Amino acid sequence: MSFDEDYAEAESIEVLVKSLDPEHPAQLWYAHDGDAGADLCTTVDITLKPFERVLAPTGVAMALPSGYVGLVHPRSGLAIKKGVTVLNAPGTIDAGYRGEVKVPLINLDPEHTVAFAAGDRIAQLVIQRYVQARFVPSSRLPGSDRAEHGFGSTGVSS
């Protein structure tokens, strides 16, 4: 096996995808081999004024295997070029959810209105494994270097 081949293959799982809008078939794809995020598109035209938000439909429902979660992330190009991001990023799609994937978008640009046409890419879907914790009540926690130091406790380098 060559050096490049060692880094060429990602784990693959099957995710069932159902199209909910007959006029806009389910659109989920990876733009490039090796991409972590699959593109999500809107099925409707959207206009977002400055600081306006909308819940954008994608026309897609899916069945994730148990032990996996879908995370809806902003698209970096939309964030930097237009100021549009996903409100609760990353949004969580649980394995048991079978409804339409919808994306809460917000336009953070203070001056410019942003428009999307049906079929435009609005977010990306990353599918990951997860573990489910067993929460065990305890009156005491083990020590750590950080202890109870929270926000800003690691300082700011000059």
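Residues numbered from 1 in each chain as written. Predicted model: local features only at pLDDT ≥ 70, side-chain atom pairs only at ≥ 80, totals over all residues. Heavy atoms only, no water.

### Considering the overall build of the protein
Moving on, step 1. If you tally the helices and strands in the protein, you get 1 helix and 12 strands.
Moving on, step 2. Walking the protein from its N terminus toward its C terminus, one meets helices and strands in the order β-β-β-β-β-β-β-α-β-β-β-β-β.
Moving on, step 3. Since a compact globule built from 158 residues should have a radius of gyration of about 15 Å, the 20 Å found for the protein marks it as more spread out than a globular shape.
Moving on, step 4. Each of the 158 residues in the protein was classed as buried or not, and the buried ones make up 28%.
Moving on, step 5. Across the protein, the fraction of contacts at a sequence separation of at least 24, relative to all contacts at a separation of at least 6, is 71%.
Moving on, step 6. Total accessible area on the protein stands at roughly 11400 Å², and carbon and sulfur atoms take up 52% of it. (Helix = DSSP H or I, 4+ residues; strand = E, 2+ residues; numbered from the N terminus. Rg over C-alpha atoms; globule rule 2.2 N^0.38 Å. Buried < 20%, exposed > 50% of the residue type's maximum accessible area, 1.4 Å probe, protein only. Contact = heavy atoms within 4.5 Å. Areas by Shrake-Rupley, 256 points an atom, 1.4 Å probe, with all protein chains shown as cover.)

### Considerations on the nonpolar core
Moving on, step 1. One finds Leu 40, Val 72, Val 103, Leu 105, Phe 116, Ile 122 and Ala 123 to be the most contacted residues of the largest nonpolar core, which totals 21 residues.
Moving on, step 2. Counting residues per element, this core draws most heavily on strand E12 (residues 121–129), which supplies 3 residues.
Moving on, step 3. Leaving out residues up to four positions away in the same chain, Ile 122 has contacts with Leu 40, Cys 41, Thr 42, Ala 56, Thr 58, Arg 75, Leu 78, Val 103, Leu 105 and Phe 116. (Core = buried A, V, L, I, M, F, W, Y, C linked by side-chain atoms within 4.5 Å.)

### Looking at the UniProt feature "binding site: substrate" (unreviewed entry) in the protein
Moving on, step 1. The UniProt feature table records "binding site: substrate" (unreviewed entry) at Arg 75, Ser 76, Gly 77, Asn 88, Thr 92, Ile 93 and Asp 94. The annotated residues occupy 20 residues of the chain and do not converge on a single region, their most distant C-alpha atoms lying 26.2 Å apart.
Moving on, step 2. Residue position: Asn 88 is located in the loop between strand E8 (84–86) and strand E9 (91–93).
Moving on, step 3. Within the fold, Asp 94 resides in the loop between E9 and strand E10 (102–107). (UniProt positions renumbered as here; feature names shortened; annotations may be inferred.)

### A look at the sheet that holds strand E3 (residues 37–41)
Moving on, step 1. The 5 strands are arranged E2-E3-E12-E7-E9 in an open sheet whose pairing can be described as antiparallel. What marks the edges here is a single partner per strand, and that holds for strand E2 (28–29) and E9. (Pairing = 2+ DSSP bridges.)

### Examining the pairing of E3
Regular strands have side chains that alternate between both faces of the sheet.
Moving on, step 1. Counting buried residues in E3 gives 5 out of 5 residues, a clear majority hidden from the surface.
Moving on, step 2. Side chains Gly 37, Asp 39 and Cys 41 project from E3 onto one buried face, and the interleaved Ala 38 and Leu 40 project onto a second face that is buried too.
Moving on, step 3. Where E3 lies against E12, 5 bridges are found, and the strand directions are antiparallel. Residue pairing across strands places Asp 39 opposite Gln 124, the latter belonging to E12.

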